[in-house]
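Commentary on secondary and tertiary structure
Spelled out from the first residue to the last, the chains are:
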Amino acid sequence: RAGEADDAGLGYGSGVRFWVEPERRAEFGRVSEARRAAWVWRRYVTAARASSAFELRYEELATDPAGVGAQLARYLEAPNRPLTEALRAVHSSSIGRWRRELTPEQVADVEEEAGPLLLELAVRMTLAGRVP
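A quick note: this is a predicted structure, and the numbers were derived from the prediction, not measured.

**Brief notes about the overall build of the protein chain**
Each helix and strand in the protein chain was counted, giving seven helices and zero strands. Of the regular secondary structure in the protein chain, the N- to C-terminal order runs α-α-α-α-α-α-α. For the protein chain, the spread of C-alpha atoms along the three principal axes comes to 45 × 30 × 30 Å. When burial is assessed residue by residue, the protein chain has 30% of its 132 residues classed as buried. Expressed as a percentage of contacts within the protein chain between residues at least 6 apart in sequence, the contacts between residues at least 24 apart total 39%. Approximately 8,900 Å² of the protein chain is accessible, and the part contributed by carbon and sulfur atoms is 56%. Positive and negative charge centroids in the protein chain, built from 19 and 20 side chains respectively, lie 2 Å apart.

What follows is the structure in structure tokens.
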């Protein structure tokens, strides 16, 4: 991804990011991009869950933009209609894309890095009646 930057304005690659745990900084440059992606996802989700952030699952948004939009509007104390209309542009074509595009090695890296959190979220969604 030459010339592109992440959300912190840093170029993609093996450079250690601010969200890397200090004790794991040396490890960051040696791992796969799949593991790095799972790593940042795990760190961001963990940080968001420790706050009062609104939890939004892309799968739910893609399949029920009106329902998720209404929940988000209530959370933000914002008008429902414009938010819901904007969210209707979300599509479901990327849901499950990892099954088609990741190699078995990449899946193993993701599961090793973020597996416990993925499992916890899947169980929680299943118990809530929203099968992942």
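**Points about the pattern of salt bridges**
The tally for this structure, following the rule as stated, stands at 15 salt bridges. A salt bridge links E21 to R43; its shortest N-O distance comes to 3.6 Å. One end of the pair, E21, is in the segment before α1 (25-28); the other, R43, is in helix α2 (residues 33-49), and 22 residues separate them in sequence. Classification of E21 by relative accessible area gives buried; the value is 9%.

**Notes on the side chain of R24**
Locating R24 in the fold gives a position in the segment before α1. At 2.9 Å, the side chain of R24 forms a polar contact with the side chain of E27. Excluding residues that lie within four positions of it along the chain, R24 makes contacts with W39, R42 and E113.

**Things to note about the layout of surface pockets**
As a volume, the largest pocket reaches approximately 1,600 Å³. In this structure, the largest pocket is lined by 35 residues; those nearest its centre are W41, E59, W98, V110 and L118. Elements represented by at least two residues in the lining of the largest pocket include exactly α2, α3 (58-63), α6 (97-101) and α7 (104-127). Classifying every residue of the lining of the largest pocket by side-chain character gives 22 nonpolar, four polar and nine charged.

**Examining the side chain of R36**
Tracing the sequence through the fold places R36 in helix α2. Judged by relative accessible area, which is 9%, R36 ranks as buried. In this structure R36 touches G13, S14, W19, F28, G29, R30 and V31, once residues within four positions along its chain are discounted.

**Observations regarding α2**
Helix length check: α2 (17 residues) gives 24 Å between terminal C-alpha atoms against 24 Å at 1.5 Å per residue, within 8%. Buried residues belonging to α2 abut α1 and α7.

**Examining α7**
Between its first and last C-alpha atoms α7 spans 28 Å; for 24 residues at 1.5 Å apiece the expected length is 34 Å, and the helix comes up short by more than 12%. Along α7, the helix axis deviates most sharply at A114, where the bend reaches about 80°; the proline P116 sits within four residues downstream. V107, D109, V110, E113, A114, G115, L117, L121 and M125 are the residues of α7 that are buried. Its buried side turned inward, α7 meets α2, α3 and α6. Where α7 ends, the next residue or the one after it, G129, has phi of about 85°, a positive value.

Scoring rules and cut-offs
Residues numbered from 1 in each chain as written. Predicted model: local features only at pLDDT ≥ 70, side-chain atom pairs only at ≥ 80, totals over all residues. Heavy atoms only, no water. Helix = DSSP H or I, 4+ residues; strand = E, 2+ residues; numbered from the N terminus. Buried < 20%, exposed > 50% of the residue type's maximum accessible area, 1.4 Å probe, protein only. Contact = heavy atoms within 4.5 Å. Areas by Shrake-Rupley, 256 points an atom, 1.4 Å probe, with all protein chains shown as cover. Lys, Arg positive; Asp, Glu negative; His and termini not counted. Charge placed at Lys NZ, Arg CZ, Asp CG, Glu CD. Salt bridge = Lys/Arg side-chain N within 4 Å of Asp/Glu carboxyl O. Polar contact = N/O pair within 3.5 Å; in protein donor to acceptor, adjacent residues only side chain to side chain. 1 Å grid on protein atoms, 1.4 Å probe; cavity = no way out; pocket = protein on both sides within 12 Å on 5 of 7 lines; lining within 4 Å. Points joined across faces, edges and corners; volume = space filled by probe spheres on them. Nonpolar A, V, L, I, M, F, W, Y, C, P; charged D, E, K, R; others polar. Expected span 1.5 Å × (residues − 1). Bend = angle between axes of the 7 residues up to and from the residue.

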